[in-house]
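Here are the chains, one letter per residue:
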Amino acid sequence: MDLGLGGRIAVVTGGTSGIGMETARLFLEEGARIAICSRDADRVAAATRALGDRFGADRVLGLACDVLAPEAVTRFSDAVAARFGAVDILVNNAGQARMASFAATSDADWRQELELKFFGIIHPTRAFLPLLERSDAAAIVCVNALLARQPETRLVATSAARAGVLSLAKSLSLDLAAKNIRVNSILLGLIRSGQWERRYQAQAAPGESREAWFAEIARDRDIPLGRLGLPEEPAAAIVFLASPRAAYITGAALDISGGQAHQP
Ligand code: NDP
């Protein structure tokens, strides 16, 4: 199936690692041009070089940008406009989870978590909207978590923030439908990306293999498919939802959790 992404321009926040980088790679495979950002300039340079070497440097733009800094996000959108002249797709992906119970979450932690989850969508959406409005196939995809519908006490602030962001994405889909800009979300379970690799490095017992540690996590979380997802699995869903092939889908939230969702 041709997704109709040839020549399209896609922006992926947090595109230097895990799900974001796989998404950028898939867009390139489908013939799109991409712009990625993340906070760490070295990681941005490495990811931009790796993707550029494989798909052509003229098709890849990378910029260091913290999505929580509105001026930086505006600079990013200006750079994308200057380089490509248009934007068709925005993937709001940048972020990470905060693993902590209610007792262990301070007011400052709550504020940081709510800020990351909300403004990680608000700033890029606001900055790229004028460009998206000019596209004839505009789409936004928000990377969210199953926690939005199925909170976990060990991730209390992330769960609450994720529920709010699900509501925000739905509101945006209604608001922007008149401009023919589609807005969809994906609801992730556990995906073996950079943040889970960091947890393995920090938490595994000495000598415990990666496979054994991840298998134990899958057992502990009772994942029906018996494993964590791989970054390319949500990436494929993101790329489809962002593509003109999903032209009649907006306001949807797709569960990608290996069967962890309790509701039908
Ligand atoms: P990774 O850690 O592999 O990737 C996260 C990316 O986001 C990195 O490129 C990171 O780069 C970037 N990033 C983080 N904060 C910011 C920021 N403030 N501004 C710009 N870039 C930022 O993790 P994932 O691929 O797992 O994460 C992708 C998304 O998926 C996140 O929103 C995460 O919360 C969500 N998610 C992931 C789940 C999972 O199990 N993996 C489950 C549920 C949701 P840098 O550090 O250089 O800024």
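Quick note: structure is the one above.
**Details of the overall build of the protein**
Okay, so step 1: For the protein, the count of helices and strands is eight helices and seven strands.
Okay, so step 2: For the protein, the C-alpha radius of gyration of 18 Å lies close to 18 Å, the compact-globule estimate for 264 residues.
Okay, so step 3: Expressed along its principal axes, the backbone C-alpha trace of the protein runs to roughly 50 × 40 × 40 Å.
Okay, so step 4: Looking at the protein as a whole, 50% of its 264 residues qualify as buried.
Okay, so step 5: Of the contacts made within the protein by residues no fewer than 6 positions apart, 74% connect residues no fewer than 24 positions apart.
Okay, so step 6: Carbon together with sulfur atoms contributes 53% to the accessible area of the protein, which is approximately 12,300 Å² in total.
Okay, so step 7: Positive and negative charge centroids in the protein, built from 29 and 29 side chains respectively, lie 2 Å apart.

**Some thoughts on the sheet that holds strand 7 (residues 253-256)**
Okay, so step 1: Pairing is parallel in the open sheet, where seven strands are placed in the order 3-2-1-4-5-6-7. In this open sheet, the two strands that pair with only one neighbour each are strand 3 (60-64) and strand 7. On average, each strand axis in the sheet is tilted by 15 degrees relative to the strand beside it, whichever way the strands run.
Okay, so step 2: Judged from the three bridges that link them, strand 1 (residues 9-13) and strand 4 (residues 89-92) form a sheet pairing that is parallel. For V11, the partnering residue across the bridge sits in strand 4 and is L90.
Okay, so step 3: Along the sheet face, helix 3 (residues 70-84) touches strand 1, strand 2 (33-38) and strand 3 and points at about 160 degrees away from the line of strand 3.
Okay, so step 4: Of the strands in this sheet, strand 4, strand 5 (138-145), strand 6 (181-188) and strand 7 touch helix 8 (residues 232-242), which is tilted by about 165 degrees from strand 6.

**Considerations on the site of the ligand**
Okay, so step 1: Residues in close proximity to the ligand total 28 residues, the closest being T16, S17, R39, N93 and S193.
Okay, so step 2: Residue V67 places a main-chain N or O atom 3.0 Å away from a nitrogen atom belonging to the ligand.
Okay, so step 3: The separation between an oxygen atom of the ligand and a polar main-chain atom of I191 is 2.8 Å.
Okay, so step 4: Compared with its free state, where it exposes 880 Å², the ligand has 95% of that area covered by protein.
Okay, so step 5: Looking at the shell around the ligand, the elements that each hand over two or more residues are helix 1 (18-29), strand 5 and helix 6 (194-203).
Okay, so step 6: Ranked by the residues each element gives to the shell around the ligand, the list is headed by helix 6, at four residues.
Okay, so step 7: Residues belonging to the shell around the ligand are distributed by class as follows: ten nonpolar, twelve polar and six charged.
Okay, so step 8: Among the domains, domain 1 (9-191 + 231-254) and domain 2 (194-228) are the pair contributing at least three residues each to the shell around the ligand.

**With respect to the environment of Y248**
Okay, so step 1: Tracing the sequence through the fold places Y248 in the loop between helix 8 and strand 7.
Okay, so step 2: Distance from Y248 to R182, taken between C-alpha atoms, is 8.4 Å for residues 66 residues apart in sequence.

**Looking at helix 1**
Okay, so step 1: Counted at 1.5 Å a residue, the expected span for helix 1 with its twelve residues is 16 Å, and the 17 Å between its end C-alpha atoms agrees.
Okay, so step 2: The buried count for helix 1 comes to ten of twelve residues, which makes it a mostly enclosed element.
Okay, so step 3: Within the sequence span of helix 1, burial applies to G18, I19, G20, E22, T23, A24, R25, L26, F27 and L28.
Okay, so step 4: Directly after helix 1, the chain includes G31, whose backbone phi takes a positive value near 95 degrees.

**Some words on the packing of aromatic side chains**
Okay, so step 1: What the rule picks out here adds up to five aromatic pairs.
Okay, so step 2: Taking 5.5 Å as the distance between ring centres and 80 degrees as the angle between the ring planes, the aromatic pair formed by F76 and F128 counts as edge-to-face. With F76 in helix 3 and F128 in helix 4 (residues 107-132), this residue pair connects regions lying 52 residues apart in the sequence. You'll find F76 and F128 in the same group, each marked buried.
Okay, so step 3: Pairing W196 with W213 gives two aromatic rings, centres 6.2 Å apart and planes at 55 degrees, and the pair type is tilted. With a gap of 17 residues between them, W196 in helix 6 and W213 in helix 7 (residues 210-220) connect regions that are remote in the sequence.

**Describing the pairing of strand 1**
Consecutive residues of a regular strand have side chains that alternate between opposite faces of the sheet.
Okay, so step 1: Burial runs high along strand 1: five of the five residues are buried.
Okay, so step 2: Of the two faces of strand 1, both are covered, the one formed by I9, V11 and T13 as well as the one formed by A10 and V12.
Okay, so step 3: Here strand 1 runs beside strand 2; their pairing, made up of five bridges, is parallel. Among the inter-strand pairings, A10 is bridged to a residue of strand 2, identified as I34.
Okay, so step 4: Of the crossover connections in this fold, the one passing from strand 1 over helix 1 to the parallel strand 2 is right-handed.

Parameters and conventions
Residues numbered from 1 in each chain as written. Predicted model: local features only at pLDDT ≥ 70, side-chain atom pairs only at ≥ 80, totals over all residues. Heavy atoms only, no water. Helix = DSSP H or I, 4+ residues; strand = E, 2+ residues; numbered from the N terminus. Rg over C-alpha atoms; globule rule 2.2 N^0.38 Å. Buried < 20%, exposed > 50% of the residue type's maximum accessible area, 1.4 Å probe, protein only. Contact = heavy atoms within 4.5 Å. Areas by Shrake-Rupley, 256 points an atom, 1.4 Å probe, with all protein chains shown as cover. Lys, Arg positive; Asp, Glu negative; His and termini not counted. Charge placed at Lys NZ, Arg CZ, Asp CG, Glu CD. Pairing = 2+ DSSP bridges. Axes fitted to C-alpha atoms, helices over the stretch in contact; angles between N-to-C directions. Near = heavy atom within 4 Å. Polar contact = N/O pair within 3.5 Å; in protein donor to acceptor, adjacent residues only side chain to side chain. Nonpolar A, V, L, I, M, F, W, Y, C, P; charged D, E, K, R; others polar. Domains from an automatic or database assignment. Expected span 1.5 Å × (residues − 1). Phe/Tyr/Trp six-rings, centres within 6.5 Å; stacked < 30°, edge-to-face > 60°. Right-handed = clockwise from strand over helix to strand, strands pointing away.

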